[in-house]
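# Chain and residue survey
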Amino acid sequence: MNPAALVVASALLLFPALLPALDATKLAAIHPAMEEAVKAKQAAGIVTLVMENGKVVHHDAAGMADIAKGRAMEKDALFWIASMTKSINGTAVMVLVDEGKLSLDEPASKWLPELAKVKLADGSAPEKPVTLRMLLSHTAGIAFPRRAPSDGAISLKAYVASLLKTPLAFQPGTSYEYGFGPTVAGRIIELASGMKYEAFLKTKIFAPLGMKDTMFNPDDAHRARIARTYKMDDETHELVPGYNPFVTSDASVTHMPEPAGGLFSTAADMGRFYAMIANGGELDGTRILSEKSVRDMTTPVTAGGKQLNYACGWQVNTETQRVNSQMPVGSFGHGGAFATNGCIDPRSKIVTVYMVQNVLVPDSGRPKDAFQHLVMEAAAIKVVAAPAAKKARP
């Protein structure tokens, strides 16, 4: 490398701000793309946010938060983020790992003795003890529970006790089944910290990051900002209000803090959370996690000798498995049941947050893909498609 080029390369390493900024023209194309999605009835309203190196470079709202009331979608609208909660839950576990109070790979029964008593369906004991890494990555064998009228009404302690009465679905560490292992991990946070789960998140993550709009049970002021949930009517093919089990009848009726999917949040709050992770556990001088814990938490696990694309509360784009098709290999994040999504490209430190409230809406994933595609184009990052799966020989 010639001396001049060496100086430029060194400057880019020392001063990230000198790196080429995202193309403003491409970012400006996000709003009309989301408006087109609203016209196509792929969503009633959408909020999009992009951050780079911890700074907001795009934040926009399109469509309606409440069609019947004529309430336009606002950038500070509140959304049930569902399983995006799992990434925050994983981060909370790692806070305690950094403090020396938890370990991902020791038997989790060290903190929750009931785990030592769980059996498989045939009554036999597990060959390996359940660990926190297994619980957070859905490889512990904790089966997806049957729905019950008491769901959300009892305490996290009581709910986890009921989960552990069900036999394990498989030998721990041998397979993957998306379920409620993270909920069990949330109870362990309470036991290891001596704090209520929601208080721990607020004290250790939300307050330090300034996430003032992230909570399990919105008060009246926050409830007024909740974007309404929509579904597609089978007969009229119009968007109509859909049922959301986490929006209670009024603020005094609260839902159990659900570590696997109970949080409400805004695009701005989630952007700050993801920017902290993208920056190795620190944002604006406030450190939440060590860089080591961020790497450990976002590294995909193996189960039964197979490489998965799931980590400790995070879904990861691998060479062969793409959760977010428009994001590069190595990016990671999580989606929610009602089509919300957050994603981090750790190389560029670009964060994308896509907020919507869709249930049973056809093509509801297309606007998110269009959004992330425009962001990657704006960053001049070429995303290579995953290789086609090989067809089995007859």
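Look up a bit, the structure's there.
First, a word on scope: everything that follows refers to the structure included in this document.

What counts as what
Residues numbered from 1 in each chain as written. Predicted model: local features only at pLDDT ≥ 70, side-chain atom pairs only at ≥ 80, totals over all residues. Heavy atoms only, no water. Helix = DSSP H or I, 4+ residues; strand = E, 2+ residues; numbered from the N terminus. Rg over C-alpha atoms; globule rule 2.2 N^0.38 Å. Buried < 20%, exposed > 50% of the residue type's maximum accessible area, 1.4 Å probe, protein only. Contact = heavy atoms within 4.5 Å. Areas by Shrake-Rupley, 256 points an atom, 1.4 Å probe, with all protein chains shown as cover. Lys, Arg positive; Asp, Glu negative; His and termini not counted. Charge placed at Lys NZ, Arg CZ, Asp CG, Glu CD. 1 Å grid on protein atoms, 1.4 Å probe; cavity = no way out; pocket = protein on both sides within 12 Å on 5 of 7 lines; lining within 4 Å. Points joined across faces, edges and corners; volume = space filled by probe spheres on them. Nonpolar A, V, L, I, M, F, W, Y, C, P; charged D, E, K, R; others polar. Axes fitted to C-alpha atoms, helices over the stretch in contact; angles between N-to-C directions. Parallel < 35°, antiparallel > 145°, perpendicular 65-115°, else oblique. Polar contact = N/O pair within 3.5 Å; in protein donor to acceptor, adjacent residues only side chain to side chain. Pairing = 2+ DSSP bridges. Arc of directions from axis to C-beta. Core = buried A, V, L, I, M, F, W, Y, C linked by side-chain atoms within 4.5 Å. Phe/Tyr/Trp six-rings, centres within 6.5 Å; stacked < 30°, edge-to-face > 60°.

### Considering the overall build of the protein chain
For the protein chain, the helix and strand inventory stands at 12 helices and 15 strands. A compact globule built from 394 residues should have a C-alpha radius of gyration of about 21 Å, and the protein chain, at 21 Å, falls within 12% of that. For the protein chain, the spread of C-alpha atoms along the principal axes amounts to about 65 × 60 × 55 Å. In the protein chain, which comprises 394 residues, the proportion classed as buried is 51%. Long-range pairs, those at least 24 residues apart, make up 67% of the contacts in the protein chain with a sequence separation of at least 6. A total accessible area of about 18,200 Å² is found for the protein chain, and carbon and sulfur atoms account for 56% of it. One way to put it: in the protein chain the 41 positive side-chain charges average out to a point 5 Å from where the 38 negative ones average out.

### Considerations on empty space enclosed by the protein
Within the structure shown, the criterion is met by two cavities of 30 Å³ or more. Its boundaries defined by the atoms lining it, the largest cavity holds a volume of some 40 Å³. Contributing to the lining of the largest cavity are A43, A44, G45, M64, A65, M73, A227, R228, Y230, V356, Q357 and N358. Along the lines of polarity and charge, the residues of the lining of the largest cavity split into eight nonpolar, three polar and one charged. When its volume is computed, the second largest cavity comes out at roughly 30 Å³. In this structure, the second largest cavity is lined by N217, P218, R223, F246, T248, D250, A251 and V253.

### Looking at the packing of helix α4 (residues 85–98) against helix α8 (residues 197–209)
For any two helices packed against each other, one specifies the inter-axial angle together with the distance between the axes. Close contact between α4 and α8 brings their axes to 10 Å; oriented N to C, the two are set at 80 degrees. Judged by the inter-axis angle, α4 sits roughly perpendicular to α8. Mapping the contact onto sequence places I88, N89, T91, A92, V95 and L96 in α4 and Y197, F200, L201, K204, I205 and F206 in α8. Within the contact of α4 with α8, the residues separate by chemical class into nine nonpolar, two polar and one charged.

### Digging into the side chain of T214
When you line up the elements, T214 lands in the loop between α8 and α9 (220–223). Residue classification places T214 among the buried residues on the basis of a relative accessible area of 6%. Polar contacts involving the side chain of T214 include one to the side chain of S265, which spans 2.8 Å. In this structure the side chain of T214 is engaged in a polar contact, spanning 2.8 Å, whose partner is the side chain of D269. In this structure, T214 is in contact with F206, L263, F264, S265 and D269, ignoring residues within four places of it in sequence.

### Considering the pairing of strand β15 (residues 350–355)
With six of six residues buried, β15 lies mostly within the body of the structure. Here β15 shows two buried faces, one formed by I350, T352 and Y354 and the other by V351, V353 and M355. As defined by bridge partners, strand β1 (residues 45–52) adjoins β15 across six bridges and the pair is classed as antiparallel. Among the inter-strand pairings, E52 is bridged to a residue of β15, identified as I350. Where strand β14 (residues 341–345) and β15 come together, five bridges link them in antiparallel fashion.

### What to know about helix α3 (residues 30–39)
Of all the residues in α3, the buried ones are I30, M34, A37 and V38. For α3, the angular spread of the buried residues around the axis is 100 degrees, confining them to a single face. In this structure, the buried residues of α3 make contact with α2 (24–28), β1, β2 (55–66), β15 and α12 (366–378). Taken from the residues just after α3, K41 is the one with a positive phi, measuring 60 degrees.

### Thoughts on the layout of surface pockets
Sizing a probe to match a water molecule and rolling it over the atoms shows the empty space that remains. When its volume is computed, the largest pocket comes out at roughly 490 Å³. Along the walls of the largest pocket sit 23 residues, with W80, R147, F180, P245 and F246 positioned nearest its centre. For the lining of the largest pocket, the per-class residue count stands at 13 nonpolar, six polar and four charged. In terms of lining, the second largest pocket is formed by 14 residues, of which the most central are R71, R223, I226, R228 and V247.

### Points about the nonpolar core
Note on soluble globular proteins: their nonpolar side chains tend to be buried together. Counting residues in hydrophobic clusters, the biggest one holds 76 residues, and the most contacted among them are L135, L201, I205, M270, F273 and I277. Here the element with the most residues in this core is helix α10 (residues 267–278); it accounts for eight residues. With residues up to four places along the chain from it excluded, the contact list for F273 reads S87, I88, T91, I205, L209, M211 and W314. Listed in part, the 20 residues of the second largest apolar core include L27, M34, A43 and A378.

### Details of the packing of aromatic side chains
What the rule picks out here adds up to 12 aromatic pairs. Each ring, one from W80 and one from F338, has its centre 4.8 Å from the other, and the planes form 85 degrees; the classification is edge-to-face. Pair noted here: W80 is in strand β4 (residues 79–80) and F338 is in the loop between β13 (332–335) and β14, with a separation of 258 residues, a long-range link. A relative accessible area of 6% places F338 in the buried class. Between the aromatic rings of Y274 and W314, the centroid separation amounts to 6.1 Å while the plane-to-plane angle is 70 degrees, which identifies the pairing as edge-to-face. Of this pair, Y274 sits in helix α10 while W314 sits in the loop between β11 (306–307) and β12 (315–316); the two residues are 40 residues apart in sequence, bridging distant segments of the chain. Taking relative accessible area as the criterion, Y274 reaches 0% and is therefore assigned buried. Aromatic rings pair up to connect F273, Y274, W314 and F332 into one cluster.

Without other data, these values stay purely geometric and don't point to any function.
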